[in-house]
Amino acid sequence: MLTKRIIPCLDIKNGRTVKGVNFVNLIDAGDPVVLAKQYAEKGADELVFLDISATLEGRKTTLEMVLKVAEQVNIPFTVGGGISSVEDVDLLLKSGADKVSINSSAINRPELIDELSNKFGSQCVVVAIDAKQINGQWIVHLAGGSIPTELDLFDWAKEVEMRGAGEILFTSMDHDGTKDGFANEALARLSTALNIPIIASGGAGTIQHFVDTFQKGKSDAALAASVFHFGEIEIKELKENLKKNNIKVRL
Amino acid sequence: MNIVVIDYGAGNTKSVQFACNRLGFDPVLSKDSQVIQDADKVIFPGVGQASNAMDMLIESGLDAVIPSLKQPVLGICLGMQLLCNSTEEGNAKGLGVFDVSVKRFSNNVKVPQMGWNSIFNLESDLFEGIKNEAYMYLVHSYYAEVCEHTIAQTNYDLNYSSALKKDNFYGVQFHPEKSSTEGAQILRNFLKL
């Protein structure tokens, strides 16, 4: 049986790992290549690197980092952040990334999803969606969650699937950084409405939150950052607990 | 040992190369027929869309070279699927090494299958030192049915071939280069053949 995935996320700026709490106040949590290797050894199923570098120079550093990660790490990884063209993706995949994650660029130009899935296959196209509830409606946000769009989360997710995305990484802005649990209602609705895998993101604080997102949120994978980076949750212990709750994991 | 990774424009060749490096081997990337024919071991990776990949093979003349190879050949993911008779993906004709067709998963399951799933009924020296039900990383929307060439199975939607073998040809649906230490062991087993 296919197992549920545990995915540590490493935010990268100029080649270093950082993690935003509610997307501000960056705290340094180490060298990405060293962290990535450690996570692979500790039983992480996949890794996500989110490049938040603002400069061209910073992005070049990321490309070098991708190559180093591919050299040393024997589990799959996704790279996201600032990707807006077929050429960007080509460079990342050629450097050894397994998948890329696009967000704002897909909202600005949805055809990019079609272009990428036609050229590289849906399996390497992850569409990240940041959303928060406004007057009871889940609204998609741009630019790390700071700018609201007109898009409804569920409509946009459906469109993304139709255009050829292989997976959706859904971050609830209402939950991100709170350590209060994932947005399981919205996740379950996404997972039921769509036929591609859904990664839950935003809100991980305890082991029970992971149990809940797989059972109640019907998520296929769960992503978290600080709880892993600062050793608050050990991946092995997390997976053992998931197994006890009859959730299929790779141990 | 002279290992060649076939580079025809449709594959995550870097990851395969790096995985071999981690095992102490130094493969070369090539699409040159002569270089491929002279290799001790050939790895045939593939990521992407089947009919596009097949077009690239035909364009470079590799569609005739690959099935005639005599040394051990390992097809990975789409590489394995292209070694089959045909695939529903873009209705492409395959290289016809494995006498089996490739079909799409039904909508009873999420497509693509993405993540770690177990392999069982292991029947080859390719799996020396690998436990039954070991987990491998898989990403695919199409599968090869169980057939006479099946040497490992996986269950998703149904039991399908996660590895195939015929004579000197091996194919794995999973990514050994991305499947942690067990995947590395399978790659090592292939390179030791």
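In short, a report on the structure. Nothing here was measured: the structure is a model prediction, and the numbers come from that model.

Turning our attention to the packing of aromatic side chains. Scanning all chains against the criterion turns up 12 aromatic pairs over all chains. The interplanar angle of 45 degrees and the centroid separation of 5.5 Å between the aromatic rings of Y8(B) and F44(B) together place this pair among those described as tilted. Placement of the pair is Y8(B) in the loop between β1 (3–6) and α1 (13–22) and F44(B) in strand β3 (residues 41–44), with a sequence separation of 36 residues. Comparing Y8(B) with F44(B), the two get one shared label, buried. Between F105(B) and Y160(B), the aromatic rings sit 5.6 Å apart at their centres with planes inclined by 75 degrees, giving edge-to-face as the arrangement. Placement of the pair is F105(B) in the loop between β7 (98–104) and β8 (113–119) and Y160(B) in strand β12 (residues 158–166), with a sequence separation of 55 residues. Neither residue differs from the other here; F105(B) and Y160(B) are each classed as buried. Put simply, the rings of Y39(A), F182(A), F210(A) and F228(A) touch in pairs and so form one group of aromatic residues. One cation-aromatic arrangement involves R189(A) over F154(A); the distance from NZ or CZ to the ring centre is 3.6 Å. Seen from the ring of W116(B), R250(A) lies directly overhead, with NZ or CZ sitting 3.6 Å from the centre.

Here we take up the environment of L223(A). Residues and elements named next belong to chain A. Mapped onto the elements of the fold, L223 is located in strand β12 (residues 221–224). Taking the C-alpha atoms as reference points, L223 and I7, separated by 216 residues in sequence, lie 4.6 Å from one another. Not counting the four nearest positions on each side in its chain, L223 is found in contact with I7, C9, V48, L169, F182, I199, A200, S201 and G202.

The next subject is the interface of chain A and chain B. Each partner contributes to the interface: chain A provides 40 residues, whereas chain B provides 29 residues. Regarding the contact of chain A and chain B, the summed buried area is about 2600 Å², with carbon and sulfur atoms giving 52% of it. Among the residues of chain A in contact with chain B, L2(A), N74(A) and N195(A) are the three that bury the most area, contributing 25% of the side total. Counting the contacts that link chain A with chain B gives 2 salt bridges. For K178(B), the salt bridge is made with D98(A), and the minimal N-O distance between the two is 2.9 Å. Our count for the chain A to chain B interface comes out at 16 residue pairs in polar contact (both at pLDDT 80 or more). Counting residues per element, the ones that place at least two in the side of chain A that touches chain B are α2 (56–72), α3 (86–94) and α5 (111–120) of chain A. If you tally residues by element for the side of chain A that touches chain B, the top one is α2(A), at 4 residues.

Bringing the pairing of strand β5 (residues 84–87) of chain B into the picture now. Residues and elements named next belong to chain B. With 3 bridges joining them, β5 and β7 adopt parallel strand pairing. Note that in β7 the partner of C84 across the bridge is F98. Looking at chain direction, β5 and strand β6 (residues 92–93) are connected through 2 bridges and run antiparallel. From the neighbouring strand, S86 faces β6, where its bridge partner is K93. Counted along the chain from β5 to the antiparallel partner β6, the turn is 4 residues long, and its residue G90 has a positive phi close to 65 degrees.

Calculation rules
- Residues numbered from 1 in each chain as written.
- Chains lettered and ligands numbered in written order.
- Predicted model: local features only at pLDDT ≥ 70, side-chain atom pairs only at ≥ 80, totals over all residues.
- Heavy atoms only, no water.
- Phe/Tyr/Trp six-rings, centres within 6.5 Å; stacked < 30°, edge-to-face > 60°.
- Helix = DSSP H or I, 4+ residues; strand = E, 2+ residues; numbered from the N terminus.
- Buried < 20%, exposed > 50% of the residue type's maximum accessible area, 1.4 Å probe, protein only.
- Lys NZ or Arg CZ within 6 Å of the ring centre and 35° of its normal.
- Contact = heavy atoms within 4.5 Å.
- Buried area = accessible area lost by both parts, 1.4 Å probe.
- Salt bridge = Lys/Arg side-chain N within 4 Å of Asp/Glu carboxyl O.
- Polar contact = N/O pair within 3.5 Å; in protein donor to acceptor, adjacent residues only side chain to side chain.
- Pairing = 2+ DSSP bridges.

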